[in-house]
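Secondary and tertiary structure notes
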Amino acid sequence: MNSGSCSSLMDVGYDHHHHHGHEELHVLAVDDNLIDRKLVEKLLKISSCKVTTAENAIRALEYLGLGDQNQHIDTLANNDLKVNLIITDYCMPGMTGFELLKKVKQESSYLKEVPVVIMSSENIPTRINKCLASGAQMFMQKPLKLSDVEKLKCHLMNCRS
């Protein structure tokens, strides 16, 4: 890592003229690795997204209101959609990003429309295809770069128009 990369990263996002008057994207970023999670959070914030992080898929499901102990179905009523996007690591202990993807896409009809992006440091075509076939919006190679996040954002804005 060259130490110069951080400062140049920070200079990028602060010209806010490319706000298309869209509402802010609220992204749930799920990664068990703290450093990866911080990086994703930083990139998303530079791209002027609102970010919530979770350190595993179970936490993410609880946050989304899909946890196993879901007596509080009324959460759906008062916040129609907590997040506009879920970005999750593929390899996580306990529950993989793929299993999280399947949960979001199946039982929870109210979340089906939320795009899920899977990240992985391994580039395994069968895995990528499996995720895309199960409804993932996109598969991104780690470590993420700012250009990846910008590309993703453009892609989503176009999808939503």
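One can find the structure itself at the top, above this paragraph.
Our subject in this report is the structure included herewith. (Residues numbered from 1 in each chain as written. Predicted model: local features only at pLDDT ≥ 70, side-chain atom pairs only at ≥ 80, totals over all residues. Heavy atoms only, no water.)

1. A look at the nonpolar core
With 25 residues, the main nonpolar core has Leu28, Val30, Leu64, Ile86, Val104, Ile118 and Cys131 as its most contacted residues. Among the secondary structure elements, those contributing two or more residues to this core are strand E1 (26-30), helix H3 (57-64), helix H5 (97-105), strand E4 (116-120) and helix H6 (125-133). Filtering out sequence-adjacent residues up to four positions away, Val104 remains in contact with Leu64, Leu66, Ile86, Leu111, Lys112 and Val116. Grouped together as the second largest cluster of nonpolar side chains are 21 residues, Ile46, Leu85, Val117 and Val149 included. (Core = buried A, V, L, I, M, F, W, Y, C linked by side-chain atoms within 4.5 Å. Buried < 20%, exposed > 50% of the residue type's maximum accessible area, 1.4 Å probe, protein only. Helix = DSSP H or I, 4+ residues; strand = E, 2+ residues; numbered from the N terminus. Contact = heavy atoms within 4.5 Å.)

2. Focus on unusual backbone geometry
Between Lys142 and the following residue, Pro143, the backbone shows a cis peptide bond with an omega angle of 0°. Examined against the element boundaries, Pro143 turns out to sit in the loop between strand E5 (138-141) and helix H7 (146-160). Residues other than glycine seldom take positive phi values, yet Ser48 does so here, at roughly 50°. Examined against the element boundaries, Ser48 turns out to sit in the loop between helix H2 (34-46) and strand E2 (50-54). On the basis of relative accessibility, which here comes to 11%, the residue Ser48 falls in the buried class.

3. Some details on H2
Note: α-helices contain 3.6 residues per turn, so residues at a spacing of three or four share the same orientation. Its 13 residues place the ends of H2 18 Å apart at the C-alpha level, agreeing with the 18 Å of an ideal helix rising 1.5 Å per residue. Those residues of H2 that fall on the buried side of the exposure criterion are Arg37, Val40, Glu41, Leu43, Leu44 and Ile46. Backbone geometry just after H2 places Ser48 at a positive phi near 50°. (Expected span 1.5 Å × (residues − 1).)

4. Section: the pairing of E5
By the bridge criterion, four bridges tie E4 to E5 in an arrangement that is parallel. Residue Val117 lies in a different strand from E5, and its bridge partner there is Met138. As a crossover connection, the stretch from E4 through H6 into E5 is right-handed. (Pairing = 2+ DSSP bridges. Right-handed = clockwise from strand over helix to strand, strands pointing away.)

5. With respect to the sheet that holds E5
The sheet built from five strands is open, its strands ordered E2-E1-E3-E4-E5 with parallel pairing. One side of each edge strand has no neighbouring strand; the edge strands of this open sheet are E2 and E5. Neighbour-to-neighbour, the strand axes of the sheet open up by a mean angle of 20°, direction not taken into account. Pairing analysis gives four bridges linking strand E3 (residues 85-89) to E4, with the strands arranged parallel. For Asp89, the partnering residue across the bridge sits in E4 and is Met119. Against the sheet, H2 touches E1, E2, E3 and E4, its axis set at about 170° to E2. (Axes fitted to C-alpha atoms, helices over the stretch in contact; angles between N-to-C directions.)

6. Regarding the packing of H3 against H5
At a closest axis distance of 10 Å, the pairing of H3 and H5 adopts a crossing angle of 20°. As judged from the angle between their axes, H3 and H5 are roughly parallel. The element H3 and its partner H5 pack so that their crossing is right-handed. Facing Ala57, Ala60, Leu61 and Leu64 of H3, the residues of H5 in contact are Leu100, Lys103 and Val104. (Parallel < 35°, antiparallel > 145°, perpendicular 65-115°, else oblique. Left-handed = near helix turned anticlockwise from the far one by under 90°.)

7. Details of the side chain of Thr88
With respect to the helices and strands, the residue Thr88 is situated in strand E3. According to the relative accessible area criterion, Thr88 is buried, its value standing at 0%. Here Thr88 is in contact with Val30, Gly97, Leu100, Val116, Val117, Ile118 and Met119, once residues within four sequence places are set aside.

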